[in-house]
Structure formats: C-alpha cells, structure tokens
Amino acid sequence: MPNPFRNLPSVNQLLESPPLKKLLENVNHNVVVDGVRVFLDDVRDKLNKATENVEIPRAQELAEKIADWLKTERKSLLEPVINGTGIILHTGLGRAPLATAAIDRVSTIAKGYASVEIDLQTGERSQRARALERLIMELTGAEAVAVANNNAAATMLAVSSLAKGKEVIVSRGQLVEIGGSYRLPDVLECSGCRLREIGTTNKTRIEDYEAVINESTGAILRVHPSNFQVVGFTESVELRSLVALGNKHNVPVIDDVGSGALIDFQKYGLSDEPIVRQSVEMGADLVLFSGDKLLGGPQAGIAIGKRSAVAKMLKNPMMRAMRVDKMTLAALQATLEVYQNIETAEQEIPILRMLSMPIDNLKFRANKLVTQLKTLPQITVAEVVSEFSMLGGGSVPTQKIPTYCVALEFGDRSVDSIAKLLREQRPALFGRICKGRFLLDFRTIFPAHDVRLFEMFESVFA
Ligand SMILES: *Cc1c(COP(=O)(O)O)cnc(C)c1O
C-alpha cells in the first residue's frame, strides 16, 4: 500500500500558501509554525485511524483551515467579560471587580517606584504589608497583618508557622473542599502538619477538642463552611469557646473565615457570613480571609491577628514564595481605605453596589433590552423573568439574591451555539443557560455596559 502521508503538504509548502502568508503578517512566525505542526499531526492521526481510503486535503484547503483555527486560538487570551451569569464572585471570571480607587492606585504605584519594603519615616527596611497595619487595626481591631497570594497560601503559612510537625485539630464538619484543588486535609499535609480530626460531620462539641489536646498539639483550626450547609441536627463550637480552651492549654487558635466580610452582609439578605472584626474580638490568634471575595479587592490571602502569631508567619521561609507584589498591595490598601466610610463603600466597591442595587432598577434595565431584542427576527422568545443571582466564589449555593433576567430563545439555533458567538464578542458576553434558555442577569452587568448589549446581539445575527 502506498504511504498516504507522502501526499500531505510539507510545513514549508503550507507556510508559503496565501492564507498562512497573510496570517504571518501579524502573528509570530514560531506560533504559526507550531500551529501548522500540531494541525498536521492531527491530520496524520486521523489518517492513521481511518479504516477506508480518505482523501488527502489539498494544500490550499488545509492552509485555510489552519489559518482559521489559529485565529480562533488567538482569541483565547485574557479579555474583558460582561458577566451576565448572575454569579457575583465568579472564580472563572476573576471574582471581585476592583473599585476605581483601587485601579487608580495600582496604576500610580505600578508606574514608578514605591515604598514597598521601606518605611518612609525611618528610611529603614520594613515588612511588606506593614503599611496596611493602621488600616487593618481601624477596620478589624487586629494588631498585625501579613498578606499572601490567596487564602490557600495564607492557610498554609499560618498552620506551617504555628504548628509544623505537630497536630492541627479540625472538626470533621469543617474539612472542606473549595473549588476542586483546595482540600483542607491536603493543605495541612503539604504544610507539614498532621490533621487531627474530631467530632462527626454534623456534631462536634468542646469536649471533643479538649479530649485530643496533648503536647503534640500545634493549633486549633476553625474553618467557615463557606460552600455547603449541614441541616438537621447540628452542633459546632463557637470561636469564643475554642479561644478559652486554647488559652487554657496554650494552644493557638486559627479562624479561617473564608470571605472576609468587613461589614454585616445580612442587610443584603446574606446570612451566616462571619464578620472579620468579631473573630478578632473573640480572641483568635489568626484570622484568615480572601481579598477577592466579599471584601471586593484583589486576589490575596489576608492573615490578621496577634502580633506574635503574625510575626511567626512573616519569618516563615514560605512567606517569600507566596508574597504579593506592589500592585496587589496598592489595590488592597485603596480598597481598605474605601471601607473607612461605609456609605462610600456601598457606592464604590462594585460587589457591594451589585448587592445593593434596587430590584426595580434591574427590572427596568431588563425590560429595555427585551424591547430592543424583540426587533431581531432570530430571537423567537425575549422576556423578563424573575430569578435569583448567586454569590458564588465558594459561597453557600443556597445564598440566593432576587433579581431580574432577560430570557431568550433562538428558534432552531441551539442556545449553546449562540452562547459561543456571544463569548467571541469583545468584550465577551457571558450568560447562564437554564432549561434551554439563555439568561442575562442584570445584577452582575455594569449599567455602563447596558448600551452595548443590543449591538452584541445584532452583530451575532448579522
Ligand atoms: C474561598 C475559601 C478559601 C480559599 O481561598 P482562596 O483565596 O480562593 O485561596 C479557603 N477557606 C475558605 C473557608 C474559603 O471560603
């Protein structure tokens, strides 16, 4: 049998063909060559697996296919997205959008040199994040602060600094997995600690903690069950009691509160979100939380608490591997400054603005888009529906916030295919697909983007 691959065009032949030559004008040579190789390998693979005679694509046809493929590949860069999913802290979409003040500060600080590790008063070397201390004390009551890349990093640093080689006591009701790659038992193991599980899934009592405390106990860790709920007969131990127990046995208590609510979110209809200040006041040695969840700041893991405990974290060699850069520090500082005035915070922090957006405003905006979309014949159903937005980002999925969505159907065209075309717009538009309909939730769409939505549908159907 003749070798079918002999007839496949060579890489050089393909690069000389018009479609790829044109692409080479604005795409890097290596990227195109690599793309051609990958594509040819794929074709060879298919020919190998084919059971009957298949036609070898002609060079021109192949080159066109490769050029198209490379163009769509190139679209998958980091791009701005209009979030119509209704998931406020969407991890896939970068969690919290930043406040303007934070963005401006990042820009100012990133442009030049900054006092990242220098104290401007003394001119001496200082700790990174020391500049945040006064703000943190004001907002939470804590004495000291350390900032790491995210809360996973802060947790690793905290347990490793306080309890390396020792046991960390955790209730079985709090051994959480968050977002797939974060599993608390693994985090503890990676940090060189031994997990000491106690109690049961639904009930853990103070006696369970006391019973296992011994000379190899390094810390007691309490974890907020952010993304699940145990209902029915449940019992867990209050932080206050854990601190009393820790004090009695000289064991530090770490409280991972997850979201980092600086204010009470009950007024937004979100119950059970622990408030950072309360954990500090109850006497936890360290309180850990994310920067990009309910705080509404940059991705960061913030550890606050007693000066001695924070000092141990800062001395840990892992700190260097997990430290944040000046841009994160700048954004975090500016975000915390916004919180100095709660009324301003509600206006300036995007996620607070979304949460406090009056429902009538959402309905009005949804109606407006529906009126416009009804003029497009390809949209066979367009209506405003009452729905629920979700907090997301590893928060309890039962925390639902009433909202209004635009719900759409597109005749014979599949919802998935239209969703794909909308994702390919710039900025990309994301909605959620529910019962065969495409939904756009106005709670997570910035009002300034409303005017662009209709154009996006127009160009999809053009
Ligand atoms: C979200 C969360 C984490 C992980 O935080 P990241 O900043 O995403 O690393 C850890 N613990 C709890 C309780 C959380 O809710």
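Residues numbered from 1 in each chain as written. Predicted model: local features only at pLDDT ≥ 70, side-chain atom pairs only at ≥ 80, totals over all residues. Heavy atoms only, no water.

Asks: I'd love a proper account of the overall build of the chain, names of residues and values included.
Replies: Check the secondary structure of the chain and you find 19 helices and 15 strands. Summarising its shape, the C-alpha atoms of the chain cover approximately 80 × 55 × 55 Å along the three principal directions. Among the 462 residues that make up the chain, the fraction classed as buried is 48%. Within the chain, contacts between residues separated by at least 24 positions form 75% of all contacts whose residues are at least 6 apart in sequence. Split by element, the accessible area of the chain, about 23500 Å² in all, is 50% carbon and sulfur. Between the centroid of the 55 positive side chains of the chain and the centroid of its 55 negative side chains there is a distance of 2 Å. (Helix = DSSP H or I, 4+ residues; strand = E, 2+ residues; numbered from the N terminus. Buried < 20%, exposed > 50% of the residue type's maximum accessible area, 1.4 Å probe, protein only. Contact = heavy atoms within 4.5 Å. Areas by Shrake-Rupley, 256 points an atom, 1.4 Å probe, with all protein chains shown as cover. Lys, Arg positive; Asp, Glu negative; His and termini not counted. Charge placed at Lys NZ, Arg CZ, Asp CG, Glu CD.)

Asks: Any chance you could break down the sheet that holds strand S11 (residues 381-390) for me, citing the residues and the numbers?
Replies: Remark on secondary structure: sheet strands pair via backbone hydrogen bonds, oriented parallel or antiparallel. Spatially, four strands are ordered S11-S12-S15-S14 in an open sheet, and the strand pairing comes out antiparallel. The open sheet has two edge strands with one neighbour each: S11 and strand S14 (432-434). Adjacent strand axes in the sheet meet at a mean angle of 40 degrees when their direction is disregarded. Where S11 meets strand S12 (residues 400-409), 10 bridges bridge the pair, whose relative direction is antiparallel. Looking at S12, one finds that Met390 is bridged to Lys400. (Pairing = 2+ DSSP bridges. Axes fitted to C-alpha atoms, helices over the stretch in contact; angles between N-to-C directions.)

Asks: Describe the domain arrangement of the chain, naming the residues involved and giving the relevant values.
Replies: Split by domain assignment, the chain resolves into domain 1 (4-73), domain 2 (81-90 + 355-461) and domain 3 (100-345). Here domain 2 and domain 3 have C-alpha centroids that lie 35 Å from each other. Each partner contributes to the interface: domain 2 provides 12 residues, whereas domain 3 provides 15 residues. Summed over both sides, the interface between domain 2 and domain 3 buries roughly 1000 Å², with carbon and sulfur atoms accounting for 62% of that surface. Viewed at the interface, domain 3 and domain 2 are joined by zero residue pairs in polar contact (both at pLDDT 80 or more). Across the side of domain 2 that touches domain 3, the residue classes tally to six nonpolar, six polar and no charged. (Domains from an automatic or database assignment. Buried area = accessible area lost by both parts, 1.4 Å probe. Polar contact = N/O pair within 3.5 Å; in protein donor to acceptor, adjacent residues only side chain to side chain. Nonpolar A, V, L, I, M, F, W, Y, C, P; charged D, E, K, R; others polar.)

Asks: An account of the layout of surface pockets is needed here, citing residue identities and associated values.
Replies: Reported here for the second largest pocket is a volume of approximately 850 Å³. For the second largest pocket, the lining is made up of 34 residues, of which Arg222, His224, Pro225, Ser236 and Asp272 are closest to its centre. No fewer than three residues from each of domain 2 (81-90 + 355-461) and domain 3 (100-345) sit in the lining of the second largest pocket. (1 Å grid on protein atoms, 1.4 Å probe; cavity = no way out; pocket = protein on both sides within 12 Å on 5 of 7 lines; lining within 4 Å. Points joined across faces, edges and corners; volume = space filled by probe spheres on them.)

Asks: Explain the site of the ligand residue by residue, including any values.
Replies: In the neighbourhood of the ligand, 13 residues make up the surrounding shell, with Arg95, Ser226, Asp256, Ser290 and Lys293 lying closest. One of the backbone nitrogen or oxygen atoms of Asn151 is found 2.9 Å away from an oxygen atom of the ligand. One nitrogen or oxygen atom from the side chain of Lys293 is found 2.8 Å from an oxygen atom belonging to the ligand. Relative to its unbound accessible area of 390 Å², the ligand is 94% covered by the protein chains. For the shell around the ligand, the elements supplying multiple residues, two or more each, are helix H7 (151-163) and strand S8 (253-258). When grouped by side-chain class, the residues that make up the shell around the ligand number four nonpolar, six polar and three charged. (Near = heavy atom within 4 Å.)

Asks: Please provide a residue-by-residue account of the packing of aromatic side chains, values included.
Replies: Applying the stated criterion across every chain, the model contains four aromatic pairs. Look at Phe265 and Tyr268: their rings are 5.5 Å apart centre to centre, the planes differ by 55 degrees, and that puts the pair in the tilted class. Of the residues examined, Phe265 reaches a relative accessible area of 0% and is grouped as buried. Through pairs of rings, three or more aromatic residues link up here, namely Phe410, Phe438 and Phe461. One cation-aromatic arrangement involves Lys400 over Phe388; the distance from NZ or CZ to the ring centre is 5.5 Å. (Phe/Tyr/Trp six-rings, centres within 6.5 Å; stacked < 30°, edge-to-face > 60°. Lys NZ or Arg CZ within 6 Å of the ring centre and 35° of its normal.)

Asks: Quick rundown of the pairing of strand S10 (residues 301-305)? Include the residues and the values.
Replies: Within S10, five of the five residues are buried, which leaves it mostly tucked inside the rest of the structure. When strand S2 (residues 144-148) meets S10, the two strands line up antiparallel, connected through five bridges. Across the sheet, Val147 pairs through a bridge with Ile302, a residue of S10. When strand S9 (residues 286-290) meets S10, the two strands line up antiparallel, connected through five bridges.

Asks: Break down a negative patch on the surface for me, citing the residues and quoting the values.
Replies: Taken together, the side chains of Glu55, Glu61, Glu64 and Asp68 make up a negatively charged region of the molecular surface. Tracing the backbone through its elements, the reader meets Asp68 in helix H4 (residues 59-75). (Patch = residues over 30% accessible without salt bridge, like charges linked within 9 Å, V, L, I, M, F, W, Y side chains within 5 Å. Salt bridge = Lys/Arg side-chain N within 4 Å of Asp/Glu carboxyl O.)

Asks: For the packing of H7 against helix H12 (residues 307-315), give the residues involved together with the corresponding values.
Replies: Running from N to C, H7 and H12 cross one another at 105 degrees; their axes reach a closest spacing of 9 Å. Taken together, the axes of H7 and H12 are roughly perpendicular relative to one another. Facing Ala154, Leu157, Ala158, Ser161 and Leu162 of H7, the residues of H12 in contact are Ala309, Lys312 and Met313. Its residues placed into classes, the contact of H7 with H12 shows six nonpolar, one polar and one charged. (Parallel < 35°, antiparallel > 145°, perpendicular 65-115°, else oblique.)

Asks: Which residues make up the side chain of Ser191, and what values do they have?
Replies: Within the secondary structure, Ser191 is located in the loop between helix H8 (184-190) and strand S6 (194-198). Polar side-chain contacts of Ser191 include one of 2.5 Å to the backbone oxygen of Val187. When near neighbours in sequence (up to four residues on either side) are disregarded, Ser191 contacts Met156, Val159, Ser160 and Lys164.

Asks: Before we move on, could you go through the state of the cysteines and cite the residues and values that matter?
Replies: For the structure shown, the criterion picks out zero disulfides. There is no disulfide at Cys193, and the cysteine sulfur nearest it, in Cys190, is 10 Å away. For Cys193, a relative accessible area of 6% puts it in the buried group. No disulfide involves Cys434; its sulfur sits 8.7 Å from that of Cys405, the nearest cysteine. A relative accessible area of 26% places Cys434 in the partly exposed class. (Disulfide = S-S within 2.5 Å.)

Asks: Could you give an account of the sheet that holds S8, with specific residues and numbers?
Replies: Read from one edge to the other, the open sheet built from seven strands follows the order S2-S10-S9-S8-S7-S3-S6, with strand pairing classed as mixed. Two strands close off the open sheet at either side, each with one partner strand: S2 and S6. Sheet twist, expressed as the mean angle between neighbouring strand axes with direction ignored, is 25 degrees. As judged from the five bridges shared by strand S3 (residues 167-171) and S6, these two strands associate in the parallel manner. Bridge pairing in S6 places Glu167 opposite Arg194.

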